[in-house]
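Okay, here's what each chain looks like letter by letter:
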Amino acid sequence: MSQYNIAEERTKIEEAARFIKRLLGEHRLDHPEFKDPRVLVICGSGLGGIASKVSETNPAPLSIRYGNIPGFRTSTVAGHSGTLTFGEMGGTPVVLMNGRLHTYEGYAIWDTVFPLRALHQLGSITTVIVTNAAGGINRSFGVCDLMCINDHINMPGLAGLHPLKGPNFDETGPRFLPLSDAYDLDMRKLLFQKKQELGIARPVHEGVYTYVSGPTFETRAENRMIKAMGGDAVGMSTVPEVIVARHCGWRVLALSLITNVSVLDPPASALDENPVPLEHGMASHQEVLENGRVASLDVEALIEAVVKEL
């Protein structure tokens, strides 16, 4: 979508919502106990295993491929299956976005948050839990640590690539949305409470997530800039979804899995006699997926424990 037309966008959102509601209604005919979701969980790279926490019975879940929903784009990134799964997690009605959309896939930023706009039309969601894979900027973070996001830096947004750019959905939220309370304090407290109750030994930090558009991993100089700006982790997602979630009036909890340690050291000089190889510490998407797998069980347990309380 090269130009944003809010009338056309509203029509697309309503069409997608009608399609989802119809399928939910049909599913409910066979499963009368099936309820509309109260919580949306967005699964990041390598974290699709969260779907295993959705009950397979009482009621049976409903999965819908993105490609079957009018207006939805198809997720193209490894580790993102591209499905909506409706069901219950710990007795709480949920919908899982198993895979997200990114601008680096070639989509307009409005397309990446379109699923949230459509799901908002269900009228039942009050909370979103967002997960992602991120590079660690803070030197106290280790690979496979977790970071509960308490603030963010929106690099593309500051430069004009913003999910609220264009005519405002006045019926949903304000033109000028405050974000100083973007990450709900009570939700963050609940996460740390559940970590303690579950006896999870994996470190869980709090910190600032820096959003960049990707798809390239950051250069050494860019990582040093992010560190100087106050960023603790860096990734290519989450912030547009958080912004739209807050525009919809939802509470937000966001959790990053630190899948690699970002390289901060300047490259070796060509004049060095024994330079450190340039590929030393280089990130890869395979590393992201593998480290996501290693820590996924703790992430899944934490998300399930939090959702049970909602």
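Worth saying up front: this structure is predicted, and the values here are computed from it rather than measured.

Participant: A description of the packing of aromatic side chains should follow, citing residues and the corresponding values.
Facilitator: Across all of its chains, the model carries 2 aromatic pairs by this definition. Arranged with centres 5.7 Å apart and planes meeting at 90°, the rings of Phe 72 and Phe 114 form a pair that is edge-to-face. Of this pair, Phe 72 sits in the loop between strand 2 (62-65) and strand 3 (83-89) while Phe 114 is found in helix 2 (residues 109-120), placing the two residues 42 residues apart along the sequence. Across this residue pair, the class does not change: Phe 72 and Phe 114 are buried. These aromatic residues form a ring-pair network of at least three members: Tyr 66, Phe 72 and Phe 114.

Participant: For the nonpolar core, give the residues involved together with the corresponding values.
Facilitator: Ranked by size, the top nonpolar core spans 54 residues in total, and within it Ile 20, Leu 40, Phe 72, Leu 84, Phe 86 and Leu 119 carry the most contacts. Non-local contacts of Phe 86, meaning those with residues more than four positions away in its chain, are made with Ile 20, Leu 24, Phe 34, Pro 37, Pro 61, Leu 62, Ile 64, Val 94, Val 95, Leu 119 and Leu 122. Counting residues in each nonpolar core, the second largest holds 28 residues, with Val 39, Ile 50, Ile 200 and Leu 257 among its members.

Participant: A description of the pattern of salt bridges should follow, citing residues and the corresponding values.
Facilitator: The final tally for this structure, using the stated rule, is 12 salt bridges. For the salt bridge of Lys 194 with Glu 309, the shortest nitrogen-to-oxygen distance reads 2.9 Å. Taken together, the residues Lys 194 in helix 4 (residues 185-198) and Glu 309 in the segment after helix 7 (285-308) connect sequence positions 115 residues apart. One network of salt bridges, with partners in common, ties together Lys 194, Glu 197 and Glu 309.

Participant: Just give me the short version of the pairing of strand 4 (residues 92-98), but keep the residues and values in it.
Facilitator: Of all 7 residues making up strand 4, 7 are buried, and the element is well covered by its neighbours. Residue alternation in strand 4 divides its side chains into two sets, Thr 92, Val 94, Leu 96 and Asn 98 and Pro 93, Val 95 and Met 97, and both sets are buried. Pairing of strand 1 (residues 39-43) with strand 4, which is carried by 5 bridges, proceeds in the parallel orientation. Directly across from Leu 40, in strand 4, lies its bridge partner Val 95. Sheet topology places strand 3 next to strand 4; 7 bridges connect them, and they run antiparallel. Bridge pairing in strand 4 links Thr 85 to Leu 96.

Participant: Please set out the UniProt feature "binding site: a purine D-ribonucleoside" (unreviewed entry) in the protein residue by residue, giving values where relevant.
Facilitator: Under the feature "binding site: a purine D-ribonucleoside" (unreviewed entry), the UniProt entry names Glu 218 and Asn 260. These annotated residues cover 43 residues of sequence, but their C-alpha atoms sit close together, with the largest distance between any two at 11.9 Å. Inspection of the secondary structure assignment puts Glu 218 in the loop between strand 7 (204-211) and helix 5 (220-229). By relative accessible area, Glu 218 is classed as buried at 16%. Contacts of Glu 218, omitting those with residues within four sequence positions, involve Val 212, Asn 223, Ile 226, Val 234 and Met 236. Looking at the element boundaries, Asn 260 is found in strand 9 (residues 251-261).

Participant: Residue-level account of unusual backbone geometry, with values.
Facilitator: A cis geometry characterises the amide bond from Gly 214 onward to Pro 215, with omega recorded as 10°. Residue placement: Pro 215 occurs in the loop between strand 7 and helix 5. Of note in the backbone geometry, Cys 144 takes a positive phi value of approximately 80° without being a glycine. Relative to the elements of secondary structure, Cys 144 occurs in the loop between strand 5 (127-136) and strand 6 (146-154). Of note in the backbone geometry, Thr 238 takes a positive phi value of approximately 75° without being a glycine.

Participant: Can you explain the environment of Glu 304? Please cite residues and give values.
Facilitator: Position of Glu 304 among the secondary structure elements: in helix 7. Setting aside anything within four residues of it in sequence, one finds Glu 304 in contact with Lys 53 and Met 89.

Participant: Can you break down the pairing of strand 6 residue by residue, with the values?
Facilitator: With 7 of its 9 residues buried, strand 6 lies for the most part within the structure. Examined bridge by bridge, strand 6 and strand 7 share 8 bridges and lie parallel to one another. From the neighbouring strand, Ile 153 faces strand 7, where its bridge partner is Thr 210.

Participant: Let's hear about the packing of helix 2 against helix 6 (residues 239-247): which residues, and what values?
Facilitator: Orientation of helix 2 relative to helix 6, taken along the N-to-C sense of each, is 45°, at an axis distance of 9 Å. The angle between helix 2 and helix 6 places the two elements in the oblique class. Seen from above, helix 2 lies across helix 6 with right-handed handedness. Contacts from Ile 109, Thr 112, Val 113, Leu 116 and Arg 117 in helix 2 reach Pro 240, Glu 241, Val 244, Ala 245 and His 247 in helix 6. Its residues placed into classes, the contact of helix 2 with helix 6 shows 6 nonpolar, 2 polar and 2 charged.

Criteria and thresholds
Residues numbered from 1 in each chain as written. Predicted model: local features only at pLDDT ≥ 70, side-chain atom pairs only at ≥ 80, totals over all residues. Heavy atoms only, no water. Phe/Tyr/Trp six-rings, centres within 6.5 Å; stacked < 30°, edge-to-face > 60°. Helix = DSSP H or I, 4+ residues; strand = E, 2+ residues; numbered from the N terminus. Buried < 20%, exposed > 50% of the residue type's maximum accessible area, 1.4 Å probe, protein only. Core = buried A, V, L, I, M, F, W, Y, C linked by side-chain atoms within 4.5 Å. Contact = heavy atoms within 4.5 Å. Salt bridge = Lys/Arg side-chain N within 4 Å of Asp/Glu carboxyl O. Pairing = 2+ DSSP bridges. UniProt positions renumbered as here; feature names shortened; annotations may be inferred. Axes fitted to C-alpha atoms, helices over the stretch in contact; angles between N-to-C directions. Parallel < 35°, antiparallel > 145°, perpendicular 65-115°, else oblique. Left-handed = near helix turned anticlockwise from the far one by under 90°. Nonpolar A, V, L, I, M, F, W, Y, C, P; charged D, E, K, R; others polar.

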